[in-house]
Amino acid sequence: MNEQRMEHSLQAVGLADILERVLDKGIVIAGDITISLVEVELLNIRLRLVVASVDRAMSMGINWWQSDPHLNSQARQLAEENRLLRERLDRLEASVLPPGEEAVAAPGDHHGR
């Protein structure tokens, strides 16, 4: 029974060591799935998965979670402030422009104008 505990303990240490190495170095898994019927592509799924520690991901320039409003309360506040400012800008532009004339959207401006 003592040998069984020792073997289990060694497996746990080995798994922890492997996990630590994967998170430290990072691992990328990529794959494409295409579903076709009579040579007509119906569905194409591209899968890209990066497994790494937060520190390693940030060193690779991956930090999307910092600006995702669903994961970051500060990003949520900024998104709400941005929405309110866009609404305010729309109202100001509407009050300044002559009737029937539309504001010209700036490049990259996609909020409905």
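Since this is a predicted model, take the numbers as computed values, not measurements.

Enquirer: Hey, could you run me through the pairing of strand β2 (residues 40-51) in this one?
Expert: Working note: regular strand, side chains alternate between the two faces of the sheet. One ladder, built from eleven bridges, connects strand β1 (residues 27-37) with β2; its direction is antiparallel. When the sheet's bridge partners are listed, Ile35 is paired in β2 with Leu43. Turn length for the β1-β2 hairpin, with the two strands adjacent in sequence and antiparallel, is two residues, and the turn residue Val38 shows positive phi of about 50°.

Enquirer: Would you take a moment to explain the confidence of the model for the protein chain for this structure?
Expert: One rule of thumb: low pLDDT means the predicted coordinates there are not for detailed reading. Predicted confidence across the protein chain gives a mean pLDDT of 79, with 76% of residues reaching 70 or more. Of all the helices and strands in the protein chain, helix α1 (residues 2-25) carries the lowest mean pLDDT, 71, while β2 carries the highest, 89.

Enquirer: Help me understand the pattern of salt bridges, please; the structure alone is not making it clear to me.
Expert: As a working rule, side chains carrying opposite charge can pair if their charged atoms are close by. Across all of its chains, the model carries five salt bridges by this definition. Glu87 is the partner of Arg83 in a salt bridge, and the nearest nitrogen-oxygen pair spans 2.4 Å. In this pair, Arg83 and Glu87 both sit in helix α3 (residues 73-96), four residues apart, roughly one turn of the helix. Judged by its relative accessible area of 37%, Arg83 is partly exposed. On the basis of relative accessibility, which here comes to 33%, the residue Glu87 falls in the partly exposed class. Three or more residues joined by partner-sharing salt bridges are found here, namely Asp32, Arg46 and Arg48.

Enquirer: Help me understand a nonpolar patch on the surface in this model?
Expert: A cluster of nonpolar side chains, Ile33, Ile35, Leu37, Val38, Val40, Leu42, Leu43, Ile45 and Leu47, forms an exposed patch at the surface whose accessible area comes to about 820 Å². Counting only elements with at least two residues in the nonpolar patch, the list comes to β1 and β2. Sort the elements by how many residues they give to the nonpolar patch and β2 lands first, with five residues. Along the polypeptide, Val38 turns up in the loop between β1 and β2.

Enquirer: How should I be thinking about the environment of Ile33 in this particular structure?
Expert: Mapping Ile33 onto the fold places it in strand β1. In this structure Ile33 comes out as partly exposed when scored by relative accessible area, which is 40%. C-alpha separation for the pair Ile33 and Ile45, spaced twelve residues apart in sequence, amounts to 5.0 Å. If near-sequence neighbours (up to four positions away) are discounted, Ile33 is found in contact with Leu43, Asn44, Ile45 and Leu47.

Enquirer: Please clarify how the environment of Asp32 should be interpreted in this entry.
Expert: Considering the arrangement of structural elements, one finds Asp32 in strand β1. With a relative accessible area of 52%, Asp32 lands in the exposed category. Distance in space between the C-alpha atoms of Asp32 and Asn44 is 7.2 Å, their sequence separation being twelve residues. When sequence neighbours within four positions are dropped, the list of residues in contact with Asp32 reads Ile45, Arg46, Leu47 and Arg48. A polar contact is formed between the side chain of Asp32 and the side chain of Arg48, at a distance of 3.1 Å.

Enquirer: Which parts of the structure should I look at to understand unusual backbone geometry?
Expert: With the exception of glycine, most residues fall at negative phi, and the peptide bonds are largely trans. One non-glycine residue, Val38, lies in positive phi territory at about 50°. Classification of Val38 by relative accessible area gives exposed; the value is 74%.

Definitions and limits used
- Residues numbered from 1 in each chain as written.
- Predicted model: local features only at pLDDT ≥ 70, side-chain atom pairs only at ≥ 80, totals over all residues.
- Heavy atoms only, no water.
- Pairing = 2+ DSSP bridges.
- Helix = DSSP H or I, 4+ residues; strand = E, 2+ residues; numbered from the N terminus.
- pLDDT = per-residue confidence, 0-100.
- Salt bridge = Lys/Arg side-chain N within 4 Å of Asp/Glu carboxyl O.
- Buried < 20%, exposed > 50% of the residue type's maximum accessible area, 1.4 Å probe, protein only.
- Patch = residues over 30% accessible without salt bridge, like charges linked within 9 Å, V, L, I, M, F, W, Y side chains within 5 Å.
- Areas by Shrake-Rupley, 256 points an atom, 1.4 Å probe, with all protein chains shown as cover.
- Contact = heavy atoms within 4.5 Å.
- Polar contact = N/O pair within 3.5 Å; in protein donor to acceptor, adjacent residues only side chain to side chain.

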